[in-house]
Amino acid sequence: MASGEGFLTDGQREMLKIASQNAENLSSSPKSPSSLLSEHHIKAPAGGKAHTAGIAVRHVRRSHSGKFVRVKKDGAGGKGTWGKLLDTDVESHIDRNDPNYDSGEEPYQLVGSTVTDPLDEFKKAVVSIIEEYFSNGDVELAASDLRELGSSEYYPYFIKRLVSMAMDRHDKEKEMASVLLSALYADVISPSQIRDGFFMLLESADDLAVDILDAVDILALFLARAVVDDILPPAFLARARKALPESSNGVQVIQTAEKSYLSAPHHAELVERRWGGSTHITVEEVKKKIADLLREYVDSGDAFEACRCIRELGVSFFHHEVVKRALVLAMEIRSAEPLMLKLLKEAAEEGLISSSQMVKGFSRLAEGLDDLALDIPSAKALFESFVPKAISEGWLDASSLTKPAGEDGEIQVEDERVRKYKKEAVTIIHEYFLSDDIPELIRSLEDLGAPEYNSIFLKKLITLAMDRKNREKEMASVLLSALHIEIFSTEDIVNGFVMLLESAEDTALDILDASNELALFLARAVIDDVLVPLNLEEIGSRLPPNCSGSETVRMARSLIAARHAGERLLRCWGGGTGWAVEDAKDKIMKLLEEYESGGVVSEACQCIRDLDLPFFNHEVVKKALVMAMEKKNDRMLDLLQECFSEGLITINQMTKGFTRVKDGLDDLALDIPNAKEKFGFYVEHAQKKGWLLPSFDSSASDV
């Protein structure tokens, strides 16, 4: 029945029928239908064409090209075929203008979204709350915003951010931060969250110290303030210390809080007034308000209204300022004396001004009588009349009042010469702050002819600078460097700092941040080679062990021991003139290196002259001697001889330079083994040439 037309034989038909019936079963077999057919040796008859009529029903299909092709599974077709009915493998185009367009047919596109951390979002949100609070001072609004923010489990991070932001701002913001913490305690933030927040701050003290110069002391004050405000229990300090590494700044913060603030006499008042009290205003603003209300009282005579205004100030720890200013006003305006004494008596009887505050006010005035007498000549006599009157009327405790007294009980009159020196010194310092002329100041001091009072001058200089801006503080440090050896001995400077630290608590009554400022002045003196670290030990040994002055010395040591201390302390008050000194060190090194490599003496002298820092020429001497030791080139001595001969480097500056090298010989000997031998030779040469003061002989013999 077969023919050349492509029909199958009977045997082939039978085999195809069997294959078709079992196709579905065999589809799951490892062998495909095509392989099954090939096993039965289905071949096209020899007629030149393939006989495919029966096979084309399911598995074999002739393509449009006439080629015999193997089809895909489920009839999807191969090359040259249309594919199966629902085949979506081919690229299709959806026309949105098609009347049958369905947006649901658009292909889906997965859009990635950033997974945000709730803590990060919380941190960002609290920054704006804190910034707004610092600008408007509204405690209730800040508390409301924090409640609305939710995420109460993250409140410890709020505490950390609030304190760390306040640490890098003014005293007003520091005070506001402490007030806000007290307001939020228990009502919004739980006690345990307060503890967690402060512990996080202690853990990050090392990082904070990198950006904030006095971070340890500021954080210690926040910690002490939290204890005084009863939002942290005192036991927290001991528990936190055990949980922190012994060498961390966090432990140092706790120690500072305990020793400097919480163990000091009247520590609650001291801590509360450090940032200007709890009224969101600074100390200067409080003083102005007190002066205004007293002036108004003089005009009106209404004691009841004056007491009400004092009460509304809300600074009970600062009432000694009311007492002091009232007494001064009574001295200035004689007609106001009865009114002022009446006001103080009524305030004491009402309990508005405590006995301790009254005594402190009188004591502060007694200590400042010498200066006050310059403006009010009868100040001492008037004060002596106020005291017995107040004691007899019962509003001043005589047993608590301390005053310098002579054998007859009267206040001693200070030596007239010292008073005159102080007055002249203040004038000289004020002129220096205006002119920035160090040589002129040195000439003025020499004209006074009172070197025995050098330590008094230093005390006046730093005290006046502390009550001014950073520019004057920087100028004071630079002046100390100029005065050292030129006029002042190291002993003068040590004695001056001892006098400052002995009166640190009194200074803090008028200058809010006196302790920190004094620590910076001390540390800066060491960095500027005015003092050596051993001098700090000497200063500390001359102070009572638990006084605020001793803590200031410890704080200065910490500042010096910090990383990059030199660079940070040189810019602690914004650089200014101090950067000129630092730049001068680099310029001195460069000009000496140029001279050592074959430069001309006259050019080197001109470069030194162009620096225009005659008070700093000891640095030229020091670096020249050290370079001579390192390079083994005594040519530097020729330069020093020329400078001395021209008067470019004075004998005082020369002596100071040699003294500085001598003080550092032990360290220098680590790099230059024969440093002491070489220095001995240089000293002998300098003495022959007359470069050194006779007083250097005894010190040189120790080398």
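These numbers come from a predicted model, not from an experiment. (Residues numbered from 1 in each chain as written. Predicted model: local features only at pLDDT ≥ 70, side-chain atom pairs only at ≥ 80, totals over all residues. Heavy atoms only, no water.)

Draft legend 1. Just the overall build of the protein, in detail. In terms of regular secondary structure, the protein is built from 38 helices and two strands. Within the protein, the proportion of its 703 residues that are buried is 44%. Surface summary for the protein: the accessible area is close to 36,400 Å², and the carbon and sulfur share equals 50%. (Helix = DSSP H or I, 4+ residues; strand = E, 2+ residues; numbered from the N terminus. Buried < 20%, exposed > 50% of the residue type's maximum accessible area, 1.4 Å probe, protein only. Areas by Shrake-Rupley, 256 points an atom, 1.4 Å probe, with all protein chains shown as cover.)

Draft legend 2. Region of the structure containing the packing of aromatic side chains. Tallied over the entire structure, the rule returns eleven aromatic pairs. Here F122 and Y154 contribute two aromatic rings whose centre-to-centre distance is 5.6 Å and whose plane-to-plane angle is 55°, an arrangement assigned as tilted. Here the residue F122 occupies a position in helix α4 (residues 118-136), and Y154 occupies one in the loop between α5 (139-149) and α6 (155-167), the gap between them amounting to 32 residues. Taken as a pair, F122 and Y154 share a single burial class, namely buried. (Phe/Tyr/Trp six-rings, centres within 6.5 Å; stacked < 30°, edge-to-face > 60°.)

Draft legend 3. Structural detail: the pattern of salt bridges. Enumeration over the complete set of coordinates arrives at 26 salt bridges. Ionic pairing is found between R554 and E551, a salt bridge with its closest N-O pair at 2.8 Å. A residue pair is termed a helical-turn pair when its members lie 3 or 4 positions apart in one helix, as R554 and E551 do in helix α29 (residues 548-561) at three residues. Under the relative-accessibility criterion, E551 is labelled buried at 8%. Ionic pairing is found between R660 and E619, a salt bridge with its closest N-O pair at 2.8 Å. Placement of the pair is R660 in helix α35 (residues 651-663) and E619 in helix α33 (residues 618-631), with a sequence separation of 41 residues. For the residue pair R660 and E619, the accessibility class agrees, reading buried in each case. (Salt bridge = Lys/Arg side-chain N within 4 Å of Asp/Glu carboxyl O.)

Draft legend 4. Layout of the confidence of the model for the protein. The pLDDT averaged across the protein works out to 78; a share of 78% of its residues lies at or above 70. Across residues 26-61, where pLDDT falls below 50, the model places 37 contacts with residues more than four positions away in sequence or in other chains. Taken together, the stretch residues 698-703 has pLDDT below 50 and engages in nine contacts with residues farther than four places along the chain or on a different chain. (pLDDT = per-residue confidence, 0-100. Contact = heavy atoms within 4.5 Å.)

Draft legend 5. Inspection of the side chain of K460 at higher detail. Along the chain, the position of K460 falls in helix α23 (residues 454-466). Look at K460 and you get buried, because its relative accessible area is 18%. For K460, the residues in contact, after removing those within four places along its chain, are D371, K422, V426 and I429.

Draft legend 6. Fine view of the packing of helix α16 (residues 319-332) against helix α17 (residues 337-349). Two elements in contact, α16 and α17, have axes whose closest approach is 8 Å; the angle formed by their N-to-C orientations is 160°. Looking at the two axes, α16 sits roughly antiparallel to α17. Once α16 is placed against α17, the crossing between them reads as left-handed. In this structure, α16 contributes V323, A326, L327, L329 and A330 to the contact, and α17 contributes E337, M340, L341 and L344. Of the residues assigned to the contact of α16 with α17, the class counts are eight nonpolar, no polar and one charged. (Axes fitted to C-alpha atoms, helices over the stretch in contact; angles between N-to-C directions. Parallel < 35°, antiparallel > 145°, perpendicular 65-115°, else oblique. Left-handed = near helix turned anticlockwise from the far one by under 90°. Nonpolar A, V, L, I, M, F, W, Y, C, P; charged D, E, K, R; others polar.)

Draft legend 7. Region of the structure containing the nonpolar core. Counting residues in hydrophobic clusters, the biggest one holds 62 residues, and the most contacted among them are F158, F198 and L223. For this core, the element with the most residues is helix α10 (residues 215-228), which contributes twelve residues. With residues near it in sequence (within four places) discarded, L223 still touches F198, L202, L232, F236, L237, V253, I254 and A257. Of all hydrophobic cores here, the second largest spans 57 residues; its members include I442, F457, M475 and V494. (Core = buried A, V, L, I, M, F, W, Y, C linked by side-chain atoms within 4.5 Å.)

Draft legend 8. Seen up close, the state of the cysteines. Considering all chains together, one arrives at zero disulfides under this definition. Considering cysteine sulfurs only, C605 is the nearest to C607, which forms no disulfide, with 9.3 Å between them. Of the cysteine sulfurs around C643, a residue in no disulfide, the closest is that of C605, at 3.8 Å. Overall, the relative accessible area of 0% leaves C643 in the buried class. (Disulfide = S-S within 2.5 Å.)

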